[in-house]
Amino acid sequence: METTKKIYAGDVRSASRLIRDLEDKLPQARPRLKQLFQHTGKSFIIGITGAPGAGKSTLTNALIGEFRKLNKTVGVLAVDPTSPFSGGAILGDRVRMLQHTEDEGVFIRSLATRGALGGLSQAAGDAIHVMEAMGKDVIIVETVGIGQQELDIIHHAHSVIVVLVPGMGDEIQTMKAGIMEIADVFAINKADRPGTKQLQTELTSLLSTSPLPTGSWRPPIVSIGNLYEPAGFVEKTAELMQKISDHHAHLLISGQLALRMERKALMEINDALRACILEPILNQLIESGELKSITQRVKNREADPYTEAEAIARRFLKSGEIL
Ligand SMILES: Nc1nc2c(ncn2[C@@H]2O[C@H](COP(=O)(O)OP(=O)(O)OP(=O)(O)O)[C@@H](O)[C@H]2O)c(=O)[nH]1
Ligand SMILES: [Mg+2]
């Protein structure tokens, strides 16, 4: 059977290989992705972000369990922009989600940093498309929320959960990173720790003072109890599920879903332009050593970046060398 057909049938090996080939930018990978594209766009994508160690994987694991109870198939993509090796990310996350690795309805993959040229958002988008083509009902994207790269990744999602932990100074951190604006649901994790009430109060007042047009979604806050008290933890996870489902319904009814899909499409075009134009040019300039000399010239004020960029654009676009 053809690789793409196998992926539509949910074949784990073919999907894993394609994700890896896309990551490695092997020439045969992109045509396959193009073929798959028409089979994507039907999954519900949930983003989970928060500080390192906030308990995102623990929560993802619990959500997988809830979705499986509803007979939904689940894809999970753990993206770790801070780790140079996907091995590290895989290890921690796999351990956390071990109970689901034998489950055929669950597919878990990790991505790590893409090196100097960025492109992590594009790699994440590609991997998500493969999971969509596999027919996963729900895809959970876990990413450490710190900088712009992670915010870009989270824009692949329809609903975004921001995980906060009491007593970590997260409040200030997250607001700085602009995470407040992207949160659809807040989860206060490790609510067994001191400072939970205070964090909840601060967040509530912050949310109630921010002006919102009538009828718009006000992000709810769910305090996830203690992981080590399973009964309460399961109950709270169910509450979180309800909020996610409420948000999904809101997206549909308000027409926001279409807007988000449009924003996502625009981002995908941006990522693709980057991959098709900017990356090959930069790669060639790096290989030939030209980037280094241009950098020196600009640094020494012998040239300005625009003139250099225009000259490069003229040269590459005319020669058609980039494809
Ligand atoms: N006390 C307490 N610890 C928890 C709770 N939930 C998770 N943890 C612990 O917090 C640690 C980090 O959990 P993870 O789920 O790996 O966190 P993460 O956000 O995925 O971490 P990274 O992916 O490394 O950023 C683990 O040792 C968990 O056992 C909780 O409710 N209470
Ligand atoms: Mg994790």
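Within each chain, residue numbers correspond to sequence positions counted from 1 in written order. Starting at A for chains and at 1 for ligands, labels are handed out in the order in which the entities are written. Note on the predicted model: pLDDT of at least 70 is required for a residue's local features to be given, and 80 or more for side-chain atom pairs to be given and counted; whole-chain, interface and lining totals, by contrast, use all residues. Computation of side-chain values covers all heavy atoms of the structure but excludes hydrogens and water.

J.: Can you lay out helix α4 (residues 56–69) for me, pointing to particular residues and giving the numbers?
T.: Each helix is a run of DSSP H or I of at least 4 residues and each strand a run of E of at least 2, with the numbering of both proceeding from the N terminus. A helix is expected to span 1.5 Å for every residue after the first. A rise of 1.5 Å per residue sets the reference length of α4, with its 14 residues, at 20 Å; its end C-alpha atoms lie 20 Å apart and thus fit the reference within 8%. Remark: exposure states derive from per-residue accessible area (1.4 Å probe, protein chains only) relative to the maximum for the residue type, with buried under 20%, exposed over 50%, and partly exposed in between. Taken as a whole, α4 has its buried residues at Lys56, Ser57, Thr58, Leu59, Thr60, Asn61, Ala62, Leu63, Ile64, Glu66 and Phe67. Downstream of α4 by a residue or two, Asn71 has a phi angle that is positive, lying close to 70 degrees.

J.: Could you give me a rundown of the side chain of His247, with the residues and numbers involved?
T.: Checked against the element boundaries, His247 lands in helix α11 (residues 230–254). We classify His247 as buried; its relative accessible area is 1%. The term polar contact refers here to a pair of N or O atoms within 3.5 Å; inside protein, the definition further demands a hydrogen-donor-capable atom paired with an acceptor-capable atom, and it admits residues adjacent in sequence only when both atoms are side-chain atoms. Within the structure, the side chain of His247 is placed 3.3 Å from the side chain of Asp184, a separation counted as a polar contact. Contacts are assigned to residue pairs with any non-hydrogen atoms lying within 4.5 Å of each other. Sequence-distant contacts of His247, that is, excluding residues within four places in its chain, are made with His158, Ser159, Asp184, Trp217 and Arg260.

J.: So what's going on with the pattern of salt bridges? Which residues, and what values?
T.: Put simply, a salt bridge is a Lys or Arg side-chain nitrogen that is within 4 Å of an Asp or Glu carboxyl oxygen. Throughout the structure, instances matching the rule amount to 9 salt bridges. Of the charged contacts, one joins Lys69 and Glu66 as a salt bridge, the two residues approaching to 3.0 Å between their closest N and O atoms. Taken as a pair, Lys69 and Glu66 lie in helix α4 at a separation of 3 residues, close to a single helical turn. Under the relative-accessibility criterion, Lys69 is labelled exposed at 60%. The exposure class of Glu66 is buried, given its relative accessible area of 12%.

J.: Explain the nonpolar core residue by residue, including any values.
T.: The biggest cluster of nonpolar side chains holds 40 residues, and the ones touching the most others in it are Ile7, Leu77, Val79, Val130 and Phe186. Per element, the largest residue contribution to this core is 8 residues, and it comes from helix α6 (residues 120–133). We call a set of buried Ala, Val, Leu, Ile, Met, Phe, Trp, Tyr and Cys residues a nonpolar core when their side-chain atoms join them within 4.5 Å. Counting 26 residues, the second-largest nonpolar core is a separate cluster that includes Leu63, Val185, Ala187 and Val222.

J.: Quick one: what's the story with the sheet that holds strand β4 (residues 138–144), residue by residue and with numbers?
T.: Strand pairing follows a simple DSSP-based rule, namely that at least 2 bridges must link the two strands. Spatially, β3-β2-β4-β1-β5-β6-β7 is the arrangement adopted by the 7 strands of the open sheet, whose pairing is parallel. Looking at which strands have only one partner, the edges of the open sheet turn out to be β3 (106–112) and β7 (221–223). Each adjacent strand pair in this sheet contributes to an overall mean axis angle of 20 degrees, direction not counted. Taken together, the 7 bridges between strand β1 (residues 44–50) and β4 define a ladder with parallel strand orientation. Paired with Phe44 across the bridge in β4 is Val138. Packing of helix α10 (residues 196–209) onto the sheet brings it into contact with β5 (159–164), β6 (185–188) and β7, and relative to β7 it is tilted by some 175 degrees. Every axis in this analysis is a line fitted to C-alpha atoms, fitted for helices over the stretch in contact. Angles between the N-to-C directions lie between 0 and 180 degrees.

J.: So what's going on with the layout of surface pockets? Residues and values would help.
T.: In this structure, the second largest pocket encloses a volume near 540 Å³. Forming the walls of the second largest pocket are 26 residues, and the residues nearest its centre are Glu181, Ala183, Leu212, Trp217 and Pro219. Each residue is assigned to one of three groups, with Ala, Val, Leu, Ile, Met, Phe, Trp, Tyr, Cys and Pro labelled nonpolar, Asp, Glu, Lys and Arg labelled charged, and all others, Gly among them, labelled polar. The residue makeup of the lining of the second largest pocket, split by class, is 13 nonpolar, 8 polar and 5 charged. Lining residues are those with an atom within 4 Å of a point, where the points come from a 1 Å grid over the protein atoms alone and group into cavities, where a 1.4 Å probe fits but cannot get out, or pockets, open sets with protein on both sides within 12 Å along at least five of seven lines. Grid points are joined across faces, edges and corners, and a volume is the space filled by probe spheres set on the points.

Remember, this is a structural readout, not a statement about activity or role.
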